Amino acid sequence: MAQAGQQAAPPAPPTSDQIFKNVQVLKGIPVDQFMDAMGMFSASLGYDCSSCHSQEIHTDRAAFAITTPLITRARQMINMMNGLNEANFGGRPRVTCFTCHRGNPSPEDVPSLALQYADVVDDPNAMALVRDRSVMPDQVFAKYLQALGGAPRVAALTSFVARGSYGGFNTGGADVPIEITAKAPNQRTQVVRAPMVTASRPSMAAACGCLKGGVRSRSWS
Ligand code: HEC
Ligand code: HEC
């Protein structure tokens, strides 16, 4: 979303190896994208963050930099995956962690008869990575902004409060109330009222110094 009344290009976002201590492969990418990759790793293998990382991360965030045997293995996997895409798919991200792993740390190597003959399950959330670059995101956003009444009108928006429901890993999948309060520039808080506890969910934003008082504040991008 466009930031209120701001025309100049925003400063380049910090990159992974500027912020983190021990990045050896995923260098030079924006921190957001780096964290998206961590989410992708977890989802692809059916893992959570502590599966690969040291158990010390529960008490010390600096421990994310510790190299464990699974971190070493995952680094090899990233290089293997990049090699496959470079050598066979013109560098496009055609093979990802999920292509092989499908929620399993140890990918299957024998086809499943149950899979072949069972009813087809339609996943409403299924999607493909963008491989066709003929339509760029800017064009899509331009159309969206136009539909909202034009960029100047959207730029006049400096804050919003949203309420809705949220279900995720930390609620055990149950829908619970969520409130989001945002204000330009650079302030966003989200409060999730989980069944047992009321907590503002801190995030890895702490690693980039964006965390204040246990409330997740994140810059708009
Ligand atoms: C499949 C294994 C795996 C999982 C699961 C995983 N990571 Fe990572 N993580 C890595 C690897 C590999 C690196 C090092 C990347 C590199 O060297 O380029 C890394 C590095 C990091 C770093 C940088 C630490 C530093 O200071 O150098 C952070 C922060 C991080 N991971 C957070 C997370 C979070 C948060 C999650 C859960 C959402 C997560 N990771 C899940 C494999 C994993
Ligand atoms: C071409 C297929 C393929 C791709 C792509 C792939 N992997 Fe793997 N991965 C495997 C296989 C096969 C194994 C199991 C090896 C074994 O059983 O010894 C494995 C094992 C692993 C393990 C060790 C699991 C354990 O419990 O020992 C980790 C961690 C891992 N992969 C992470 C990743 C990550 C992260 C990505 C994406 C960057 C990825 N893999 C992409 C095939 C793949």
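The structure presented is a predicted model; accordingly, all values stated were derived computationally and were not measured. (Residues numbered from 1 in each chain as written. Chains lettered and ligands numbered in written order. Predicted model: local features only at pLDDT ≥ 70, side-chain atom pairs only at ≥ 80, totals over all residues.)

Looking at the overall build of the chain
The secondary structure content of the chain amounts to eight helices and four strands. The helix and strand sequence of the chain, counted from the amino end, reads α-α-α-α-α-α-α-α-β-β-β-β. Residues classed as buried in the chain amount to 3% of the 221 residues present. Taking the contacts inside the chain whose residues are at least 6 apart along the sequence as the reference set, 36% of them involve residues at least 24 apart. (Helix = DSSP H or I, 4+ residues; strand = E, 2+ residues; numbered from the N terminus. Buried ≥ 20, exposed ≤ 12 C-beta atoms within 10 Å, placed from the backbone. Contact = placed C-beta atoms within 7 Å.)

Some details on the confidence of the model for the chain
For the chain, per-residue confidence averages 84 on the pLDDT scale, and residues scoring 70 or more make up 83% of the total. Helix α4 (residues 69-88) holds the highest mean pLDDT among the elements of the chain, 98, whereas strand β4 (residues 198-200) holds the lowest, 51. Predicted confidence is poor over residues 201-221, with pLDDT under 50, and the contacts of this stretch with residues over four places away or in other chains come to 44 contacts. (pLDDT = per-residue confidence, 0-100.)

Overview of the site of ligand 2
Contacts to ligand 2 come from 17 residues, most closely from A74, M77, C97, C100 and P105. Of all elements in the fold, only α2 (31-45), α4 and α5 (97-101) reach the threshold of two or more residues within the shell around ligand 2. When residues in the shell around ligand 2 are grouped by element, the largest group, six residues, is from α4. Class assignment for the residues of the shell around ligand 2 results in 13 nonpolar, three polar and one charged. (Near = placed C-beta within 6 Å. Nonpolar A, V, L, I, M, F, W, Y, C, P; charged D, E, K, R; others polar.)

Here's the deal with helix α7 (residues 137-147)
A small share of α7 lies buried, amounting to zero of its eleven residues. Phi turns positive, to about 110 degrees, at G149, one or two residues after α7.

A closer look at the site of ligand 1
Residues in close proximity to ligand 1 total 25 residues, the closest being F20, V25, C49, C52 and A65. For the shell around ligand 1, the secondary-structure elements that each account for two or more residues are α2, α3 (49-52) and α4. In terms of residue count, the dominant contributor to the shell around ligand 1 is α2 (five residues). Looking at the shell around ligand 1 residue by residue, the classes come out as 17 nonpolar, six polar and two charged.

A word on the pairing of strand β3 (residues 187-193)
Two elements, strand β2 (residues 176-183) and β3, share six bridges in a ladder whose sense is antiparallel. Bridged to E179 within β3 is V191. The antiparallel hairpin formed by β2 and β3 contains three residues in its connecting segment, where N186 sits at a positive phi of about 70 degrees. (Pairing = 2+ DSSP bridges.)

So, α2
An ideal rise of 1.5 Å per residue puts 21 Å on 15 residues; α2 measures up with 21 Å between its terminal C-alpha atoms. Of the positions making up α2, those classed as buried are V31, F34, F41 and L45. Down the axis of α2, the smallest arc covering the buried residues is 70 degrees, so these residues share one side. What points out from α2, more than 90 degrees from its buried face, is the exposed set Q33, D36 and G39. Where α2 is buried, its residues meet α1 (16-19), α4 and α5. (Expected span 1.5 Å × (residues − 1). Arc of directions from axis to C-beta.)

Notes on unusual backbone geometry
Across the chain, the bulk of peptide bonds are trans and the bulk of non-glycine residues have phi less than zero. Here the bond from A184 into P185 is cis, since omega is -5 degrees, no more than 30 degrees from zero. Tracing the chain through its elements places P185 in the loop between β2 and β3. A positive phi angle is found at R102, which is not glycine, with a value near 45 degrees. Look at R102 and you get exposed, because 12 C-beta atoms sit within 10 Å. For N186, which is not glycine, the phi dihedral falls at a positive 70 degrees. With respect to the secondary-structure elements, N186 resides in the loop between β2 and β3. With 13 C-beta atoms packed within 10 Å, N186 lands in the partly exposed category.

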